[in-house]
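# Commentary on secondary and tertiary structure
Below, each chain spelled out in residue letters.
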Amino acid sequence: MDNKLITIEWKNDKLVLIDQTKLPNEIKYEEFETVESVWDAIQVMKVRGAPAIGVAAGYGLYLGIKDAPEESFEAFWKVLKEASDYLATSRPTAVNLFWALERMEKVAEDNSNMDIADLKNLLFEEAVAIHKEDEDTNKKIGENLLTLLEDKMGILTHCNAGLLATTKYGTATAPMYLAKEKGWDLKIYADETRPRLQGSTLTALELQMAGIDVTVITDSMAATVMDQGKINAVIVGTDRVAANGDVANKIGTLGVSILAKNYNIPFYVAAPTSTIDLNTKTGETIPIEERDKEEVINRFGEYTALKDSNVYNPAFDVTPHENVTAIITEKGIVKAPYDENIKKLFHNDN
Ligand code: MRU
């Protein structure tokens, strides 16, 4: 896979992120040295996409503790917990954020007897492990997804579940990159994804840079391309999968799933197991982020509605599991009944 975009890097003791708010017009990398600046990068979406948020949070937490007091575990833990709780407030929906922070906290708790300087190194290694595992996970998701696809298919995707949302390959885009390596010609349709336009500014950019055939459509064109027979499968990513298989993803995904059902098109969800939240029983209790009204009425440098318009801007929606043909994880493909089969996925760990 050949693509020059690097979502996240750790370089010279600093976190380096590509600033996704500037894409596709400017490729700008920014360095982060404090937990506060990482919080801000997640909040304003310089880094976004569930797995990438998790990786950034791991490094962010390390930045928050690297200068913490070393004389006692209690004093160290206080700083760590404060930094972790603070990072957890950056965005509410992607469960990978909380998953990564909990993973870091557990390393600290399990090694509370260790010399604090050594524990800091161990926490850094854990952040690196979260980062490195992501690449392997995505490749496996891609391989599993590829078994459901064929050469020459038309595929619709929504938002960006690409390499820019992860560390490499992406989740929904992983089979697209792998298909390209195999010499297949998939035809990808990228919903532009209002209001933040992750489909046109990010997905179309990264696929085009990799030489993959991608066509941008507005969200309202999805029904038309399906009706015209151009779409053989929908593949989306997710921010959180509930224990019953309900899927939270970028606003608009629910509508795409309803259309896919109408046109008898399989609706696939690419999900690393780190995005499956067994503690959330159904989609109803997934916290849905609401973002600033300016995203909706002022995304193009000028107001597209009256400045004082009433605006509703939920950033995510929930697709009921009935609309999901399969959830594709690094550990295998899960189909209905989801509550039972998702549980099995985790039990196979033992
Ligand atoms: O608001 P965003 O851009 O962070 O939303 C991203 C998505 O909805 C993605 O589809 C999801 O996080 C999966 S990324 C592999």
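Residues numbered from 1 in each chain as written. Predicted model: local features only at pLDDT ≥ 70, side-chain atom pairs only at ≥ 80, totals over all residues. Heavy atoms only, no water.

## A word on the layout of surface pockets
Note the threshold: Points on a 1 Å grid over protein atoms alone make up a cavity when a 1.4 Å probe fits among them but cannot get out, and a pocket when they form an open set with protein on both sides within 12 Å along at least five of seven lines; lining residues each have an atom within 4 Å of a point. Grid points are joined across faces, edges and corners, and a volume is the space filled by probe spheres set on the points. Only DSSP runs of H or I reaching four residues or more are called helices, and only runs of E reaching two or more are called strands; each is numbered from the N terminus. Residue polarity is assigned by list, with Asp, Glu, Lys and Arg as charged and Ala, Val, Leu, Ile, Met, Phe, Trp, Tyr, Cys and Pro as nonpolar; anything else, Gly included, falls into the polar class.
In this structure, the largest pocket encloses a volume near 650 Å³. When residues of the lining of the largest pocket are traced back to their parent elements, those giving at least two are helix H2 (50-65), helix H4 (95-110), helix H5 (116-146) and strand E11 (276-277). Here the lining of the largest pocket gets eight residues from one element, more than from any other, and that element is H4. In the lining of the largest pocket, the residues fall into 11 nonpolar, six polar and 10 charged.

## Side note on the confidence of the model for the chain
Let me state the cut-off plainly: pLDDT is a residue-level measure of predictor confidence that goes from 0 to 100.
Counting all residues, the mean pLDDT for the chain is 97, and 98% of those residues have values of 70 or more. Note on the complex model: pTM 0.97, ipTM 0.99.

## Some details on helix H1 (residues 35-43)
Condition: Accessibility here uses a 1.4 Å probe with only protein chains present; expressed as a share of the type maximum, an area under 20% marks a residue as buried, one over 50% as exposed, and anything in between as partly exposed. What the arc measures is the spread of directions leading from the helix axis to the C-beta atoms. In this analysis, two residues are considered to be in contact whenever any of their non-hydrogen atoms come within 4.5 Å of each other.
When H1 is considered as a whole, its buried residues turn out to be Val35, Val38, Ala41 and Ile42. The arc enclosing the buried residues of H1, seen along the axis, measures out at 120°, which places them on a common side. Elements in contact with the buried residues of H1: strand E2 (14-18), strand E3 (29-32), H2, helix H3 (73-87) and H4. Just beyond H1, the residue with positive phi is Met45, at close to 75°.

## Side note on the site of the ligand
This is how the line gets drawn: Nearness is judged by heavy atoms alone; a residue qualifies as near a molecule or strand once a single heavy atom is within 4 Å of it. Throughout this description, a polar contact denotes any pair of N or O atoms lying within 3.5 Å of each other; where both atoms belong to protein, one of them has to be capable of donating a hydrogen while the other can accept it, and for residues adjacent in sequence the pair is counted only when both atoms sit in side chains. Here the accessible surface of atoms and residues is derived via Shrake-Rupley with a 1.4 Å probe, and residues count as covered only by protein chains that are part of the display. Here the criterion for a molecule occupying a pocket or cavity is that more than half of its atoms lie within 2 Å of the pocket grid points.
Near the ligand there are 17 residues, and of these Arg91, Gln198, Asp239, Asn249 and Lys250 occur at the shortest range. Within the side chain of Arg48, an N or O atom sits 2.8 Å from an oxygen atom of the ligand. Lys250 is positioned such that a nitrogen or oxygen atom in its side chain is 2.7 Å from an oxygen atom of the ligand. Compared with its free state, where it exposes 420 Å², the ligand has 100% of that area covered by protein. For the ligand, the cavity whose grid points lie within 2 Å of the majority of its atoms is the largest cavity. Elements represented by at least two residues in the shell around the ligand include exactly H2 and strand E9 (247-250). The residue makeup of the shell around the ligand, split by class, is seven nonpolar, six polar and four charged.

## A few points about the packing of H5 against helix H6 (residues 174-182)
A packed helix pair is summarised by two numbers, namely the angle formed by the two axes and the spacing between the axes. Formally: For helices, the fitted axis covers only the stretch in contact; all axes are lines through C-alpha atoms, and the angles between them, taken along N-to-C directions, range from 0 to 180 degrees. When an angle is under 35 degrees it counts as roughly parallel; over 145 it counts as roughly antiparallel; between 65 and 115 it counts as roughly perpendicular; any other value is oblique.
Between H5 and H6, the shortest axis-to-axis distance is 8 Å and the interhelical angle comes to 70°. Of the possible angle classes, the one that applies to H5 and H6 is roughly perpendicular. Side by side, H5 and H6 meet where Asn138, Lys139, Gly142, Glu143, Leu145 and Leu146 of the first sit next to Ala174, Pro175, Leu178, Ala179 and Lys182 of the second. A class-by-class count of the residues in the contact of H5 with H6 yields six nonpolar, two polar and three charged.

## Let's talk about the UniProt feature "active site" (unreviewed entry) in the chain
Formally: UniProt positions are given in the numbering used here, feature names are shortened, and annotations may be inferred rather than shown by experiment.
Within this structure's numbering, the places UniProt gives as "active site" (unreviewed entry) are Asp239. Positionally, Asp239 belongs in the loop between strand E7 (233-236) and strand E8 (240-242). Residue class for Asp239 comes out buried when judged on its relative accessible area of 8%.

## Overview of the pattern of salt bridges
Using the following cut-off: We define a salt bridge as a contact between a side-chain nitrogen of Lys or Arg and a carboxyl oxygen of Asp or Glu at a distance within 4 Å.
Summed over all chains, the structure comprises 22 salt bridges. For Asp19, the salt bridge goes to Lys28, with nearest N and O atoms at 4.0 Å. For Asp67, the salt bridge goes to Lys66, with nearest N and O atoms at 3.5 Å. Among the ionic contacts, a cluster of salt bridges with common partners joins Asp19, Lys22, Lys28, Glu30 and Lys46.

## Focus: the UniProt feature "binding site: substrate" (unreviewed entry) in the chain
The UniProt feature table records "binding site: substrate" (unreviewed entry) at Arg48, Gly49, Ala50, Arg91, Gln198, Asn249 and Lys250. For the largest cavity, the lining residues among the annotations just cited are Arg48, Gly49, Ala50, Arg91, Gln198, Asn249 and Lys250. Secondary-structure assignment places Arg91 in the loop between H3 and H4. Leaving out residues up to four positions away in the same chain, Arg91 has contacts with Ile42, Gln43, Met45, Arg48, Ile53, Leu97, Phe98, Lys250, Glu289, Arg291 and Phe316. Polar side-chain contacts of Arg91 include one of 2.8 Å to the side chain of Glu289. Tracing the chain through its elements places Asn249 in strand E9. Exposure remark for Asn249: the relative accessible area of 4% places this residue in the buried category. Among all residues touching Asn249, those that are not within four sequence positions of it are His158, Val236, Gly237, Thr238, Asp239, Ala315, Phe316 and Asp317.

## Looking at the sheet that holds E8
Put simply, the rule reads: Here, a strand pair is defined by DSSP locating no fewer than two bridges between the strands.
Ordered by their spatial adjacency, four strands build an open sheet running E11-E8-E9-E12, and the pairing between neighbours is mixed. The sheet is open, and its two edges are formed by E11 and strand E12 (316-319), each paired on a single side. Taken strand by strand, helix H9 (residues 253-262) contacts E9 and E12, and its axis lies near 30° from that of E12.

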